[in-house]
Amino acid sequence: MERDVYLVDSFTFNGKGGNPAGVVFDTEELTELQMQQIAAQVGYSETAFVLPDPECDFHVRFFTPTSEVDYCGHATLATFSELFGQGKIEAGQYSQRTKAGILTVVVSADSHVEMEQQLPVFGGELDVLEVAETLGIPAEVITNTGLPVEVISTGLADAIIPVMPGTLDDIVPDNEALADFCRERQLVGVHLFELSSWSEFTARCRNFAPLFGIPEESATGSASGALACYLAQHRPFLGYQYEFEQGRKMKRTSLISASIQQKAGTIQAVKVGGYAKHKGTQRVSLASGLTLRKMEENDRRLLCELAVSEHQSDFVLPVADTLENKTSNEDFHVICLGDNEADSTILGFFILDNSFANHPEFSQFGELGLRAYFIDARYQGKGFGRQSCQLMGDYVATHYPSVSNLVLTVNQRNTPARALYLSCGFLDSESLYLGGPAGPQHIMYLPLAA
């Protein structure tokens, strides 16, 4: 199976720069896992999938390389610019269904696209000292602006962070620390800005969302809407029509327009707009899905050929050693790309350990252990780990119906693995197992359907 992905730069500035997004049409037959697989192969911060809808003009779903998000402004702009450019729609007003709600999009005859966003949800202020420490900057860089750090969502929750003019480009956050900060506060990312009264822009911005696999983004529509709401609240004398520059540090300068409509001091509408430019098409080969199945004897040779990535070497034994040391309590299972065993490719494997209940320090009767779960190094970064993990609960519940919880331990230093498990429904027991040979481990579990 193959699909064409249209590649579009959104929020371009004088026809250049912008934030790239993928757009896929005719997606009714694609599963969620296949959409995720396409987004991972494209590798952009977001790829949009356009579906028919009985009540709206379009239904659009948005996927990062690692997960689905409720809404994406620059991918919406890319979608409607591509629809217009391909002659699928004319200039006019359209409705799109997203996980953030049903929103209006207006396409002008000159191909400008303006998107309605959700009305703002103000999530309160954050502690400036904690924010500054996470970003690795002196607190005065924020406090000297006289403005607060505030969580605002117009579809996605971002922390809006003011910084002193001239400091924006010097900030280099620690992605791991920032991802933890956002996870703990249920944020998609952080949106930094410096007011720029000396230029044609209202503000210059940078956006970081490492929790969703986006170290930095060159144009962020949803966060621009949130910033417009922030400025309307804290700097009303600037007016309610804004021009934001973003992506300069990445050498992909983007221009994002935003506007606020108010009545009696209450925001009635939030709109974000800009231009986009088609830049090509990528054909993606797509297997029909992932399959989890019990290992067979003739799988051994292929499993021994799986490569352990460098960052996993501290946490995973060589596959040949793991197979050699197999005990009667351990059931080996393989992760395959494709539904048909005859032409499937083994991507990885995992062990389901029936003896976990014998370890009262991290498990109990009726629980099953998950061990040695990994994806071949050559297939990492494509979303397969997340896809297979999302299948795990139903798979185990089907093959081990008497099991109550699937339990695993994750080394404290293996933060990417812990983040993956949390995003796929595993819960952290908030306890540590201290007997691991490579150091303390988080004890995590997945409740299985009754």
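Heads up: the structure comes first, above all this text.
Treat the numbers as computed from the prediction; the structure is a model and nothing was measured.

Student: Describe the overall build of the chain, listing the residues and the values that go with them.
Tutor: Each helix and strand in the chain was counted, giving ten helices and 25 strands. Over its C-alpha atoms the chain spans a radius of gyration of 24 Å, differing by no more than 12% from the 22 Å that the globule rule assigns to 450 residues. Across its three principal directions, the C-alpha atoms of the chain cover 70 × 50 × 40 Å. Expressed as a percentage of the 450 residues in the chain, the buried residues total 56%. In the chain, of all internal contacts separated by at least 6 residues, the share reaching a separation of at least 24 is 64%. Accessible surface computed for the chain: about 19500 Å², of which carbon and sulfur atoms make up 49%. In the chain, 31 side chains carry a positive charge and 57 a negative one; their mean positions are 4 Å apart.

Student: Can you lay out the packing of helix H1 (residues 32-42) against helix H9 (residues 384-399) for me, pointing to particular residues and giving the numbers?
Tutor: Axis separation between H1 and H9 bottoms out at 9 Å; the angle between their running directions is 165 degrees. The angle between H1 and H9 places the two elements in the roughly antiparallel class. Judged by the twist between their axes, the crossing of H1 over H9 is right-handed. The segment H1 lies against H9, with Leu33, Gln36 and Gln37 engaging Phe384, Gln387, Gln390 and Leu391. Its residues placed into classes, the contact of H1 with H9 shows three nonpolar, four polar and no charged.

Student: Go over the environment of phenylalanine 362, please, and point to the residues and values.
Tutor: Along the chain, the position of phenylalanine 362 falls in the loop between strand E21 (345-353) and strand E22 (367-375). On the basis of relative accessible area, phenylalanine 362 is assigned to the buried category, the value being 11%. Between the C-alpha atoms of phenylalanine 362 and tyrosine 433, which are 71 residues apart in sequence, the distance is 6.6 Å. Excluding its chain neighbours within four sequence positions, the residues that come into contact with phenylalanine 362 are Phe356, Glu367, Val407, Thr409, Tyr433 and Ile443.

Student: Describe the nonpolar core, naming the residues involved and giving the relevant values.
Tutor: One broad trend across soluble globular proteins is that nonpolar side chains are buried collectively. Phe80, Phe193 and Phe244 are the most contacted members of the largest nonpolar core, which totals 53 residues. When residues of this core are assigned to their parent elements, the largest contribution, seven residues, is made by helix H6 (residues 221-234).

Student: Give me the side chain of serine 259: which residues, what numbers.
Tutor: On the secondary structure map, serine 259 appears in strand E16 (residues 254-263). The contacts of serine 259, once residues within four sequence positions are left out, are Glu114, Tyr240, Gln241, Ala269, Val270 and Lys271.

Student: Provide a residue-level description of the sheet that holds strand E25 (residues 441-447), including the pertinent values.
Tutor: Pairing is mixed across the open sheet formed by seven strands, whose spatial order is E19-E20-E21-E22-E23-E25-E24. The open sheet has two free edges, formed respectively by strand E19 (290-294) and strand E24 (427-433), since each of these has just one partner strand. Pairs of neighbouring strands in the sheet enclose a mean axial angle of 30 degrees, with direction left out of account. Note: E19 against strand E20 (residues 330-337), five bridges, orientation antiparallel. By the bridge assignment, arginine 293 is partnered in E20 with valine 334.

Student: Can you explain helix H10 (residues 415-423)? Please cite residues and give values.
Tutor: Among all positions of H10, only Ala417, Ala419, Leu420 and Tyr421 are buried. Against helix H5 (175-185), E22, H9, strand E23 (405-411) and E25 lie the buried residues of H10. Glycine 425 lies just past H10 and shows a positive phi near 105 degrees.

Student: So what's going on with the pattern of salt bridges? Which residues, and what values?
Tutor: Summed over all chains, the structure comprises 23 salt bridges. For arginine 183, the salt bridge identified is with aspartate 180, shortest N-O distance 2.7 Å. Here aspartate 180 and arginine 183 lie together in helix H5, a separation of three residues that amounts to about one turn. For arginine 183, a relative accessible area of 23% puts it in the partly exposed group. Here aspartate 180 falls in the partly exposed class, since its relative accessible area comes to 26%. We note a salt bridge from arginine 418 to aspartate 428, for which the minimum N-O separation is 3.1 Å. Residue arginine 418 is found in helix H10, and its partner aspartate 428 is found in strand E24; the two are separated by ten residues along the sequence.

Student: So, the packing of aromatic side chains: which residues are in play, and what are the values?
Tutor: Within a pair of aromatic rings, the relevant descriptors are the distance that separates the centres and the angle that separates the planes. Within the structure shown, the criterion is met by 15 aromatic pairs. Here phenylalanine 80 and tyrosine 94 contribute two aromatic rings whose centre-to-centre distance is 6.4 Å and whose plane-to-plane angle is 40 degrees, an arrangement assigned as tilted. Taken as a pair, phenylalanine 80 in helix H2 (residues 73-85) and tyrosine 94 in strand E6 (residues 92-98) lie far apart in primary sequence, 14 residues in all. Seen from their ring centres, phenylalanine 350 and tyrosine 373 are 6.0 Å apart, and the 85 degrees between their planes marks the pair as edge-to-face. Note that phenylalanine 350 is positioned in strand E21 and tyrosine 373 in strand E22, a separation of 23 residues in sequence. Taken individually, phenylalanine 350 and tyrosine 373 each receive the classification buried, so the pair is uniform in this respect. A connected cluster of aromatic rings, assembled from ring pairs, spans Phe350, Tyr373, Tyr395, Tyr421 and Phe426. Here lysine 88 stacks its cationic end above the ring of phenylalanine 25, 5.1 Å away from the centre of that ring.

Student: Any details on H9? Residues and values, ideally.
Tutor: The first and last C-alpha atoms of H9 sit 21 Å apart over 16 residues, in line with the 22 Å expected at 1.5 Å per residue. At methionine 392, H9 is bent by approximately 40 degrees, the largest bend along its length. Considered for burial, the residues of H9 that qualify are Phe384, Gly385, Arg386, Gln387, Ser388, Cys389, Met392, Gly393, Tyr395 and Val396.

Student: Residue-level account of the pairing of strand E17 (residues 266-274), with values.
Tutor: Of the pairings in the sheet, the one linking strand E8 (residues 113-117) to E17 comprises five bridges and is antiparallel in character. Looking across to E17, one finds that glutamate 114 is bridged to glycine 273. Of the strand pairs in this sheet, E16 and E17 are connected by seven bridges, and their pairing is antiparallel. Considered in E17, the bridge of serine 257 is made with glycine 273. Between the antiparallel neighbours E16 and E17 lie two residues, among them alanine 264 with a positive phi of about 55 degrees.

Conventions adopted
- Residues numbered from 1 in each chain as written.
- Predicted model: local features only at pLDDT ≥ 70, side-chain atom pairs only at ≥ 80, totals over all residues.
- Heavy atoms only, no water.
- Helix = DSSP H or I, 4+ residues; strand = E, 2+ residues; numbered from the N terminus.
- Rg over C-alpha atoms; globule rule 2.2 N^0.38 Å.
- Buried < 20%, exposed > 50% of the residue type's maximum accessible area, 1.4 Å probe, protein only.
- Contact = heavy atoms within 4.5 Å.
- Areas by Shrake-Rupley, 256 points an atom, 1.4 Å probe, with all protein chains shown as cover.
- Lys, Arg positive; Asp, Glu negative; His and termini not counted.
- Charge placed at Lys NZ, Arg CZ, Asp CG, Glu CD.
- Axes fitted to C-alpha atoms, helices over the stretch in contact; angles between N-to-C directions.
- Parallel < 35°, antiparallel > 145°, perpendicular 65-115°, else oblique.
- Left-handed = near helix turned anticlockwise from the far one by under 90°.
- Nonpolar A, V, L, I, M, F, W, Y, C, P; charged D, E, K, R; others polar.
- Core = buried A, V, L, I, M, F, W, Y, C linked by side-chain atoms within 4.5 Å.
- Pairing = 2+ DSSP bridges.
- Salt bridge = Lys/Arg side-chain N within 4 Å of Asp/Glu carboxyl O.
- Phe/Tyr/Trp six-rings, centres within 6.5 Å; stacked < 30°, edge-to-face > 60°.
- Lys NZ or Arg CZ within 6 Å of the ring centre and 35° of its normal.
- Expected span 1.5 Å × (residues − 1).
- Bend = angle between axes of the 7 residues up to and from the residue.

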